[in-house]
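Examination of the molecular architecture
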Amino acid sequence: MDNNGIGSSEESPQSNTSWSRRAFLAGIGGAAAASAQSSALETSSDADDVAPEKGDPLEPEGRSKRACRLRTKAATYQRDLPIPTHLANGAEEDYPYIANFCKGLPHKANGEVKDAAYLALLAALSGDDLALFEAISLGGDRPLRNPQAGMAFDMEGPDAHHVTMPPAPRIDSAENSAEMCELYWMALARDVHFSDYDSDSTIADACADMSALSDFRGPTESGVINPANIFRGSTPGDLAGPYLSQFLLKKVPYGTLSIAQRQQTVMPGIDYMTDFSSWLAIQNGVNPATGNATDSTRRFIRNGRDLAAYVQIDALYEAYLNACLILLGMGAPFDAGNPYAASTTTDSFGTFGGPHILSLVTEVATRALKAVWFQKWYVHRRLRPEEFGGRVHQHLVGAKNYPIDSEILDSLAVQATFDLYGTYLLPQGYPEGSPLHPAYGAGHATVAGACVTILKAWFDESFVLPDPVVANADGSDLEPYTGPDVLTVGGELNKVAANIASGRNFAGIHWRSDYWEAVKLGEAVALGILRDQRKCYFEDFSGFTLTKFDGTTVTV
C-alpha cells in the first residue's frame, strides 16, 4: 500500500507493507452496503417467542426452570439474528493517513499522522492482544478514549456487533462538503440567539450559502434552507415551534427539589484552535493551556454556544432522565399499550410504572455506547471535523494537495472564517477540541436515540405539552411560547435528541451524519432491549407502539 501521492511519509517504505491489508479492513465486510438497522430487532411473527413464561408463581423448581428457559430463549434469539455487514467508506484505503481519525497520535509538522503510530493503532484494533493497546504511541498527554468498549458484551438486548451504520461520507464527497459547510456556519453563528435567527445577517448568509450545496441532507423547504429550519434536526418534530426542546427549559421535579434549568455557560466570542500551531498541538493530544471562560451568571440556553457548553460536561443520559421526570411530574399519559391502562384494582410500579421507566431510560445508555464504540473504532474511524479543517487549511494555503470536494473549498463559510481568523481552520468551541475517539457515530446522539426511544415507547407521543416556554433575550428567565405550533411529547423528544447532538456540532466536534445515523443506531439498541424485556412480564402485554426517527411506526 502506498500513499497514492497524497500524504507524505516519514517512515521507511517497509512500514507500509509490513502491516497487512487486514489492518485497513478490520471490521469492514464485503462490497454490498449494509442496512442501517436489523429489522429483526423490532418485530417477530412468532407469538411464542415474545410470550412470558407462565406457571405456578410459588413453585421454586418450576420458577428456576422457567427463568432458565426464558434466558435461553432470549440468548438463542439474539444468536440467530443475522450479522449485519459493517461497511466503511473505503477512504482509509484510498487516502491512507489523511482521511481517518488520528487525533492524540504523534503528528508530522504538516498535520498528518505519523505512519507508524497509525499502524500501531490499527494493530491494536485488529486483534485481541490487550498489550498492543499499551504499545500505541501518543503525541501528548491525553489518552485515547476506551476503544476496548467496542468489544464488550451485554447480557440484554442486541450484541454491540448486531447493529450497524451505513458508511460515513468520504472527504472527497459533496455530502461531506455540505456537512462541513454547515459546521463552519454553526461556528460563525455560535453567539446568535435562536430567537434572533429571522433577523440576523450571519444566519441569512448561512442560509444562502448552504442552499447552494448540491448534497445537503438536513431539512429544507423545497430545497431552500431558511431561518426556520437551519441547524435543526431531521424529524418533523424538530421543525415545530422553538429551536430548543421544552425538556431543556422546563423545571425538573426531582423528589422534593424543583430544579430550574439555568445552565452554567461560557463567555461569548471566544473560539479556539484558530491558528495552526495550537491546532497541531491539540491534534498531538497536548492538553490545552486554559479552560473555557465561564459566565458568572447562570442562564437558560439561548444559542449554540450555550448548548455546546451544556453537552461538554453533561451526564450522557441527563437530558432524558430530566425529560422523564418532567413527564411524570406533569402526569403525562402512558402509552395505550401499558397493561395497567384498563386495570381498576392494581396499578403499575416496579413494572410499567415510574420506577421502571426511570431505571430503564438510563439503563440503555451504556448498552448504546458499546454499540457505537464498536462502530467508531473498529469500522469507520471517521476523522473529526477539526482534523478535516486542518486538511482544508493546508490545501487552501497551498501547502498540500488533498482530495477534497470543491464545494467546501469554494464556500462563503470558509472565506468568512478566514476573514475573521486569518486561517481556514474550523473554529472550536472547546479549548481541547474533540474527545480522543473517532467521530462516527456520535456517542451523545446514540445515547439520545436509545433513551428517547424508551420514552416514546412509554408515553403517549400525541400528548400536547402544556404551557410551552422559551428563554428571554438574556437567558435570565422564561417566557410563554406564543407561536402557532402545537408541541407534542413525541415531537419534543425527537427535538431534545437533535438538540443534544447539535450542541456537539455547534462545538465543532461532530458532523450532521454523526447525529442522524447514530440516533437510529441507539434506537435499534433500545428496541432490542424492549423486546427482550417483553418476555419477562407476568402481565398480559401486547407491546408499546412508537414512531421511529424515520417516521415509521413499530410495536415492540
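Just above, that's the structure.
Residues numbered from 1 in each chain as written. Predicted model: local features only at pLDDT ≥ 70, side-chain atom pairs only at ≥ 80, totals over all residues. Heavy atoms only, no water.

1. Structural notes on the overall build of the protein
Scanning the protein from terminus to terminus reveals 19 helices and six strands. Put simply, the protein has 556 residues, and 59% of those count as buried. Contacts in the protein between residues far apart in sequence, at least 24 positions, make up 81% of those at least 6 positions apart. Accessible surface computed for the protein: about 21,500 Å², of which carbon and sulfur atoms make up 54%. (Helix = DSSP H or I, 4+ residues; strand = E, 2+ residues; numbered from the N terminus. Buried < 20%, exposed > 50% of the residue type's maximum accessible area, 1.4 Å probe, protein only. Contact = heavy atoms within 4.5 Å. Areas by Shrake-Rupley, 256 points an atom, 1.4 Å probe, with all protein chains shown as cover.)

2. Considerations on the pattern of salt bridges
Scanning all chains against the criterion turns up 26 salt bridges. The partner of aspartate 80 in a salt bridge is arginine 79, and the shortest N-O contact between them spans 2.9 Å. The salt bridge involving arginine 262 is made with aspartate 477; its shortest N-O contact spans 3.9 Å. Highlighted residues: arginine 262 in the loop between strand 2 (257-259) and helix 10 (276-283) and aspartate 477 in the loop between strand 3 (469-471) and strand 4 (478-480), separated in sequence by 215 residues. On the basis of relative accessible area, arginine 262 is assigned to the partly exposed category, the value being 33%. Residue class for aspartate 477 comes out partly exposed when judged on its relative accessible area of 39%. One connected set of salt bridges, linked through shared partners, spans Asp154, Glu156, Glu363, Arg367 and Lys370. (Salt bridge = Lys/Arg side-chain N within 4 Å of Asp/Glu carboxyl O.)

3. Concerning the packing of helix 12 (residues 318-329) against helix 17 (residues 443-458)
Relative to each other, helix 12 and helix 17 sit at 20°, their axes nearing to 9 Å. Considering the angle they form, helix 12 stands roughly parallel to helix 17. Here helix 12 and helix 17 pass one another in a crossing that is right-handed. In this structure, helix 12 contributes Tyr320, Ala323 and Cys324 to the contact, and helix 17 contributes His444, Val447, Ala448, Cys451, Val452 and Leu455. Here the contact of helix 12 with helix 17 is composed, by residue class, of eight nonpolar, one polar and no charged. (Axes fitted to C-alpha atoms, helices over the stretch in contact; angles between N-to-C directions. Parallel < 35°, antiparallel > 145°, perpendicular 65-115°, else oblique. Left-handed = near helix turned anticlockwise from the far one by under 90°. Nonpolar A, V, L, I, M, F, W, Y, C, P; charged D, E, K, R; others polar.)

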